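# An overview of the molecular structure
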Amino acid sequence: MTTEQARPPSHDETERYVLLAQRFVSLADTLVDDYDVVDLLDQLVQSCVELLDVSQVGLMLVDQDGNLSLVASSSEKTRLLELLQIQTEEGPCPQCVRERRAITVPDIAASRDEWPQFARAADEAGFTSVQALPLRLRNETIGGLNLFNTGDRAPLSSSEQRIAQSLADVATIGILQQRASQRASLLADQLQSALTSRIVVEQAKGVIAERGNLDMDAAFAHLRNWSRSHRRKLVEVADDVVQRRLDPTEVLAARPHH
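Keep in mind the model is a prediction, meaning the values are calculated, not measured.

What counts, and at which threshold
- Each chain has its residues counted from 1, following the order in which its sequence is written.
- Residues qualify for local features only when their pLDDT is at least 70, as the model is predicted, and side-chain atom pairs are given and counted only at 80 or more; totals for whole chains, interfaces and linings, by contrast, use all residues.
- Note that water and hydrogens are dropped before the side-chain values are worked out from all heavy atoms of the structure.
- Note on exposure labels: buried denotes an accessible area under 20% of the residue type's maximum, exposed denotes more than 50%, and partly exposed covers the range between, all computed with a 1.4 Å probe on protein chains only.
- A run of DSSP states H or I qualifies as a helix once it reaches four residues; a run of E qualifies as a strand once it reaches two. Both are numbered from the N-terminal end.
- We treat two strands as partners when DSSP finds at least two bridges between them.
- In this description, a line fitted to the C-alpha atoms serves as the axis of each element, helices being fitted only across the stretch in contact, and the angle between N-to-C directions of two axes falls anywhere from 0 to 180 degrees.
- Should an angle fall under 35 degrees it is called roughly parallel, over 145 degrees roughly antiparallel, and 65 to 115 degrees roughly perpendicular, with every other angle called oblique.
- When checking whether two residues touch, look at their non-hydrogen atoms; a contact exists if any pair is within 4.5 Å.
- When residue character is reported, Ala, Val, Leu, Ile, Met, Phe, Trp, Tyr, Cys and Pro are called nonpolar, Asp, Glu, Lys and Arg charged, and the others, Gly included, polar.
- Only protein atoms enter the calculation, which uses a 1 Å grid: trapped sets of points that fit a 1.4 Å probe without letting it out are cavities, open sets showing protein on both sides within 12 Å along at least five of seven lines are pockets, and any residue with an atom within 4 Å of a point is a lining residue.
- Grid points are joined across faces, edges and corners, and a volume is the space filled by probe spheres set on the points.
- By definition, any crossing whose near helix is turned counterclockwise from its far helix by less than a right angle is left-handed, and any crossing with a clockwise turn is right-handed.
- The disulfide criterion is simple: two cysteine sulfur atoms within 2.5 Å.

## Focus on the pairing of strand S4 (residues 127-137)
Most of S4 is tucked away, with eight of its eleven residues classed as buried. Both strand S3 (residues 103-105) and S4 contribute to a ladder of three bridges, which runs antiparallel. Directly across from Ile-103, in S4, lies its bridge partner Ala-132. Sheet topology places S4 next to strand S5 (residues 140-150); ten bridges connect them, and they run antiparallel. In the sheet register, Phe-127 faces S5, and the bridge partner there is Thr-150. Linking two consecutive strands that pair antiparallel, namely S4 and S5, is a turn of two residues; a positive phi of about 55° is found at Arg-138 within it.

What follows is the structure, given as structure tokens:
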């Protein structure tokens, strides 16, 4: 029997464990409750930024036609880089979804021969490494989660990658869960609804950004804060803003909701 004692977790580590548990509970709520798919995926993206040593996160889903579509991102520059991957069909996320496996790129600059447009755009955005994880359940892959880093940050450790994959798996189960007899039609409808809802959210971000003279990231933060503080679905609030049923100045006055 060893005389060494296990090192107790530090305060920061304990806080991280608590936050991780909270995020899993929040994502697991989708298994038993009526939920907003767009908000679920935004929670997944924000959880990765908060819990893991990553700079930015993006998430894509496969639509009814089998094409990738962007549904969540942690920043505007990430959103643009994700859209480039979709348009050019090159980059770690398309490959991750096609091959249904994690793709790790420790040095994006070294991938110029394989993905010239992606590598150039990622370098201009300041990203140096990326990991793409599949949203999958058994043999079904419905999208990809992209974890970007800047500067000299190394790619995620194996334990952190397992945490990210676990978060993605819980979200995937939430999206896929439904009665077996209606599974195919509900999945198609739900994914398409998520993609359509994202368009409304982007329009609302533009309205709020223009009214408040803000960038798109700050506009989205206000939209999300108002939605959560009033316990309403993000897409419903976005639609109210676009249809002018909700004054953007009210959304701009929203404080962060904890």
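## Quick notes on the packing of helix H3 (residues 76-88) against helix H5 (residues 116-124)
Where H3 contacts H5, the two axes come as close as 10 Å, and the packing angle between them is 170°. Comparing the axis directions of H3 and H5 gives the class roughly antiparallel. Note on element contacts: H5 touches H3 through Gln-117, Phe-118, Ala-121 and Ala-122, opposite Leu-81, Leu-84, Gln-85 and Thr-88. Grouping the constituent residues of the contact of H3 with H5 by class yields five nonpolar, three polar and no charged.

## Quick word on unusual backbone geometry
The phi dihedral of Glu-89 falls on the positive side, at around 60°, and the residue is not glycine. Among the structural elements, Glu-89 can be located in the loop between H3 and helix H4 (92-99). Even without being a glycine, Arg-138 presents a positive backbone phi close to 55°. Note on placement: Arg-138 falls in the loop between S4 and S5.

## Looking at the layout of surface pockets
Estimates place the volume of the second largest pocket at around 210 Å³. Considered class by class, the residues forming the lining of the second largest pocket number five nonpolar, three polar and two charged.

## Some points on the packing of helix H8 (residues 216-229) against helix H9 (residues 234-242)
One can describe the packing of H8 onto H9 by two numbers: an axis separation of 9 Å at closest approach and a directional angle of 115°. For the pair H8 and H9, the crossing hand works out as right-handed. For the pair formed by H8 and H9, the contact residues are Phe-220, Leu-223, Arg-224, Trp-226 and Ser-227 on the first element and Leu-234, Val-237, Ala-238 and Val-241 on the second. Across the contact of H8 with H9, the residue classes break down as seven nonpolar, one polar and one charged.

## So, the state of the cysteines
Scanning the model with the defined rule gives zero disulfides in all. Cysteine Cys-96 shares no disulfide, and the gap to the nearest cysteine sulfur, in Cys-93, comes to 5.7 Å. Judged by relative accessible area, Cys-96 falls into the buried class, the value being 0%.

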